[in-house]
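# Structural features, examined
For reference, the chains in residue letters:
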Amino acid sequence: SSDASNEIVLLVAHGPINSDDNASLLKSMTNISEYVKQEAGFYDVIPISLQDDAAREVRAKNVEMLREIVATNTIEGRQVLIVTNLMSSGIIKARLQDDLTGLVLTSNEEELVEHPDFVTRISKPVSALSP
C-alpha cells in the first residue's frame, strides 16, 4: 500500500462449496474487512470467496464479480490490491492470476503460511489461549 485512501483491498478466499458455509465465511470476512478498512484507512476493503471447488458456474459468477470490482475501481482511478488468504500458493493462485489477466492490480506474492512473519504472528494469539 502506498496511498490507502485511494486503494481498494479485495480479500480473496478459496471458499467452501456449500452456499450456507460460504455465507458464514463472508460474514466473518466482512468483520475482518471492516476492521482493516477502519484501521488502515483504505477507500474500501471487500471480502470475496471464489468457491473454487464449487460447480463451475458458481465459481465463474464469483470471478465475474471480482473482475467487475477490479475494472470499476481501476476506471475510477483507484489502485486495486488483492490479498489472498490461501494457505499456500499453487494451483488456486495460478488459476486466480489467469482469471484476472488483463486487469491492472497488485497482488500479494506470498501466501499466509509462506510469509516470514507467519510464525510470529500466529504465536501471539495462540500463546494467549494457553493456560
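In what follows, the accompanying structure is described.

What counts, and at which threshold
Residues numbered from 1 in each chain as written. Predicted model: local features only at pLDDT ≥ 70, side-chain atom pairs only at ≥ 80, totals over all residues. Heavy atoms only, no water. Buried < 20%, exposed > 50% of the residue type's maximum accessible area, 1.4 Å probe, protein only. Helix = DSSP H or I, 4+ residues; strand = E, 2+ residues; numbered from the N terminus. Pairing = 2+ DSSP bridges. Right-handed = clockwise from strand over helix to strand, strands pointing away. Expected span 1.5 Å × (residues − 1). Arc of directions from axis to C-beta. Contact = heavy atoms within 4.5 Å. Axes fitted to C-alpha atoms, helices over the stretch in contact; angles between N-to-C directions.

This part takes up the pairing of strand S1 (residues 7–13). Counting buried residues along S1, seven of its seven residues qualify, which places the element largely inside the surrounding structure. On S1, burial covers both faces: Glu7, Val9, Leu11 and Ala13 on one face and Ile8, Leu10 and Val12 on the other are all buried. Here S1 pairs with strand S3 (residues 79–84) via six bridges, running parallel. Paired with Leu11 across the bridge in S3 is Val83. Sheet topology note: the S1/strand S2 (residues 44–49) ladder contains six bridges and is parallel. Counterpart to Val9 in the pairing with S2 is Val45. Regarding topology, helix H1 (residues 19–40) serves as the crossover connection from S1 to the parallel S2, and that connection is right-handed.

Under the 1.5 Å per step criterion, the end-to-end length of helix H2 (residues 56–75) is 28 Å for 20 residues, consistent within 8% with the ideal 28 Å. Taken residue by residue, H2 has Arg59, Asn62, Val63, Leu66, Ile69, Val70 and Asn73 as its buried positions. Within H2, the buried residues cover an arc of 120° as seen down the axis, which keeps them to one side. When the buried face of H2 is taken as reference, the exposed residues oriented beyond 90 degrees from it are Arg56, Glu57, Lys61, Glu64, Glu68 and Ile75.

Here we take up the sheet that holds S1. In a beta sheet, neighbouring strands are held together by backbone hydrogen bonds and run either parallel or antiparallel to one another. Judged by pairing direction, the sheet is parallel, and its four strands sit side by side in the order S2-S1-S3-S4 without closing on themselves. The sheet is open, and its two borders are formed by S2 and strand S4 (106–107), each paired with just one other strand. The pairing of S3 with S4 spans two bridges and is parallel. Opposite Ile82, over in S4, you have Ser107 as the bridge partner. Packing against the sheet, H1 makes contact with S1 and S2, and its axis sits at approximately 160° to S2. This element, H2, spans S1, S2 and S3 of the sheet and lies at about 170° to S1.

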